[in-house]
Amino acid sequence: MKGLIGDTPLIKINYKYKEKRRSVYAKIEYYNLTGSIKDRVAYYMLRSAMEKGILKEDTPIVEATSGNTGISLAAIGASLKKKVVIFMPDWVSKEREKILKMYGAEVHLYSKEEGGFKRCILEAKKYAEEHQGFLTNQFSNLDNIRAHKETTGKEILEKITVDGFISGIGTGGTLMGIGEALCAKNPSCHLWALEPKNMSILKTGVTLSHKIDGIGDEFIPDLVSPNKIENILLITDEEALEMASMLASDLGLGVGISSGANFLAAVKMEEEVKGNIVTVFPDDLKKYISSDLGAWQKCGKLGIELLDYEIL
Ligand code: PMP
């Protein structure tokens, strides 16, 4: 998969905030095979299972996912001629469901009333047991962290030194894996997380629905070590949507909603932590055409003026 997954661009985004010219760095993860950061993880999990002999010729690949991991598994699974079965909450964008089916995956949806994401996890497990499937288990599979430590984190360090990294948490693979790589190189590197203000398991315990697809799934994933996270910022749906919308229309960086949240959080971290602050843009705007992002009217309330970006 070399050439199709990983080695994504790292850019330095310059902006004005509180009367000062500043910058943060972002790894543009929509430059992967299916357009998201999850291609790295899906590839690592499947390759490792094949090496261990767990994933055999007729073993179906099974996963509970809010979208991007499923899409990555569906695409890589198709290239390996495998059946892919995905369990997903019904509130994620319609584009995700369609794309999964276009890659040939079987999709099962569960509403909040039917048990939401937790139910998806139970059903995926049950299906894998009944059909001798390979449950990739992205929430506890260490290949998730390894993918980010050995590829995303390593690639960042090939370009710059890092003083702080911040991202939202879906499985936590991005934050923990990149964090491990960065902290191994610079033990005083600061590792921060962000949570949707409406779904803050780690900071406030609020568990309401939110619109930042891909992060904030109602539980602390097994891969997350809360003691390694130095600080947690809360980002509202409106802030994430506004920021994502600004990145597209002011800089031509067509990102998804969680990228908007990540960038705004990085801007806030840059105010408090000296040095190079890095985040990731997990996916792009195409999966959100039918969501609030597709209809978002910018309100200019964040006080950030996006200036330009440099490619490293
Ligand atoms: N943003 C989006 C759009 C995602 O799909 C994901 C993965 N669920 C994340 C952020 C969070 O990544 P991770 O699972 O590595 O925490």
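Residues numbered from 1 in each chain as written. Predicted model: local features only at pLDDT ≥ 70, side-chain atom pairs only at ≥ 80, totals over all residues. Heavy atoms only, no water.

Considerations on the site of the ligand
- Around the ligand sit 15 residues, and of these N68, G170, T171, T174 and S258 come closest.
- In this structure, G170 approaches the ligand through a main-chain N or O atom, which is 2.7 Å from an oxygen atom.
- Between a nitrogen atom of the ligand and a main-chain N or O atom of G214, the distance comes to 3.0 Å.
- Bound to the protein, the ligand loses 96% of the 390 Å² it would expose on its own.
- Here the residues of the shell around the ligand sort into four nonpolar, eight polar and three charged. (Near = heavy atom within 4 Å. Polar contact = N/O pair within 3.5 Å; in protein donor to acceptor, adjacent residues only side chain to side chain. Areas by Shrake-Rupley, 256 points an atom, 1.4 Å probe, with all protein chains shown as cover. Nonpolar A, V, L, I, M, F, W, Y, C, P; charged D, E, K, R; others polar.)

As for the packing of aromatic side chains
- Summed over the entire model, instances satisfying the criterion amount to seven aromatic pairs.
- Pairing F117 with F139 gives two aromatic rings, centres 5.5 Å apart and planes at 75°, and the pair type is edge-to-face. Residue F117 is found in helix α4 (residues 116–130), and its partner F139 is found in the loop between β6 (134–135) and α5 (142–159); the two are separated by 22 residues along the sequence.
- Classification of F117 as buried rests on a relative accessible area of 1%.
- Take F139: its relative accessible area is 9%, and that puts it in the buried class.
- An aromatic cluster of three or more residues is present, and its members are Y15, F263 and F281. (Phe/Tyr/Trp six-rings, centres within 6.5 Å; stacked < 30°, edge-to-face > 60°. Helix = DSSP H or I, 4+ residues; strand = E, 2+ residues; numbered from the N terminus. Buried < 20%, exposed > 50% of the residue type's maximum accessible area, 1.4 Å probe, protein only.)

Details of the pairing of strand β12 (residues 277–281)
- Within β12, five of the five residues are buried, leaving the element largely enclosed by the surrounding structure.
- Of the two faces of β12, the one carrying I277, T279 and F281 and the one carrying V278 and V280 are both buried.
- As paired elements, strand β2 (residues 20–28) and β12 share four bridges and run parallel to each other. Counterpart to Y25 in the pairing with β12 is V278. (Pairing = 2+ DSSP bridges.)

Concerning the sheet that holds strand β5 (residues 106–110)
- Judged by pairing direction, the sheet is parallel, and its four strands sit side by side in the order β5-β4-β3-β6 without closing on themselves. The open sheet terminates on both sides in strands that have one partner only, identified here as β5 and β6.
- Note: strand β4 (residues 84–89) against β5, five bridges, orientation parallel. In the sheet register, V85 faces β5, and the bridge partner there is E106.

Comments concerning the nonpolar core
- Counting residues in hydrophobic clusters, the biggest one holds 40 residues, and the most contacted among them are I13, L247, L253, F263, F281, I304 and L306.
- If you list the elements that add at least two residues to this core, you get β1 (10–17), β2, β8 (190–196), β11 (231–235), α7 (237–251), α8 (257–272), β12 and β13 (304–311).
- Top element by residues in this core is α8. It accounts for eight residues.
- If we skip the residues at most four places from it in the chain, I13 touches R22, S23, V24, A26, L247, L251, L253, F263, F281, L306, D308 and Y309. (Core = buried A, V, L, I, M, F, W, Y, C linked by side-chain atoms within 4.5 Å. Contact = heavy atoms within 4.5 Å.)

Some words on the pattern of salt bridges
- Applying the stated rule across the entire model yields 21 salt bridges.
- A salt bridge links E271 to K18; its shortest N-O distance comes to 3.2 Å. On the criterion of sequence distance, the pair formed by E271 in helix α8 and K18 in the loop between β1 and β2 is long-range, its members being 253 residues apart.
- On the basis of relative accessibility, which here comes to 36%, the residue E271 falls in the partly exposed class.
- As a salt-bridge pair, D284 and K286 come within 2.4 Å of each other at their nearest N and O atoms.
- On the accessibility criterion, D284 (10% relative accessible area) is buried.
- Overlapping salt bridges bring together K27, E29, R40 and E155 as one network. (Salt bridge = Lys/Arg side-chain N within 4 Å of Asp/Glu carboxyl O.)

Honestly, it's all geometry; don't read function into it.
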